[in-house]
Amino acid sequence: MPAFSALPRAFFERPPATVARDLLGRYANDRDEDAFGLLVDRHGPLVWGVCRRALPDADAEDVYQEVFARAYTHLG
């Protein structure tokens, strides 16, 4: 296993727009649909898991959709 000092510096630098804050900014400021899609891809499973654990199935689906529908319409 290589020492950390042997790894290239780029390995430790985050790629642009990979942080949720950056994606939120891209969607809120520029209405970047791809950024919103990445947010849903990234955070959808977590939101779905919380909904499924906290609510009956039919309600979980409704709340899951509502979370992202409200985010889509109210960001910015």
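Everything that follows concerns the structure shown earlier in this document.
Residues numbered from 1 in each chain as written. Predicted model: local features only at pLDDT ≥ 70, side-chain atom pairs only at ≥ 80, totals over all residues. Heavy atoms only, no water.

S.K.: For helix α3 (residues 57–74), give the residues involved together with the corresponding values.
M.R.: Its 18 residues give α3 an end-to-end C-alpha distance of 26 Å, which sits within 8% of 26 Å, the value for a rise of 1.5 Å per residue. Of the residues one or two after α3, G76 is the one with positive phi, at around 95°. (Helix = DSSP H or I, 4+ residues; strand = E, 2+ residues; numbered from the N terminus. Expected span 1.5 Å × (residues − 1).)

S.K.: Quick rundown of the pattern of salt bridges? Include the residues and the values.
M.R.: Going through the model one piece at a time under the given rule, you end up with three salt bridges. Measuring nitrogen to oxygen at the nearest pair gives 2.8 Å for the salt bridge that ties D32 to R26. Here R70 and E66 are joined by a salt bridge, their closest N and O atoms 2.6 Å apart. Taken as a pair, R70 and E66 lie in helix α3 at a separation of four residues, close to a single helical turn. (Salt bridge = Lys/Arg side-chain N within 4 Å of Asp/Glu carboxyl O.)

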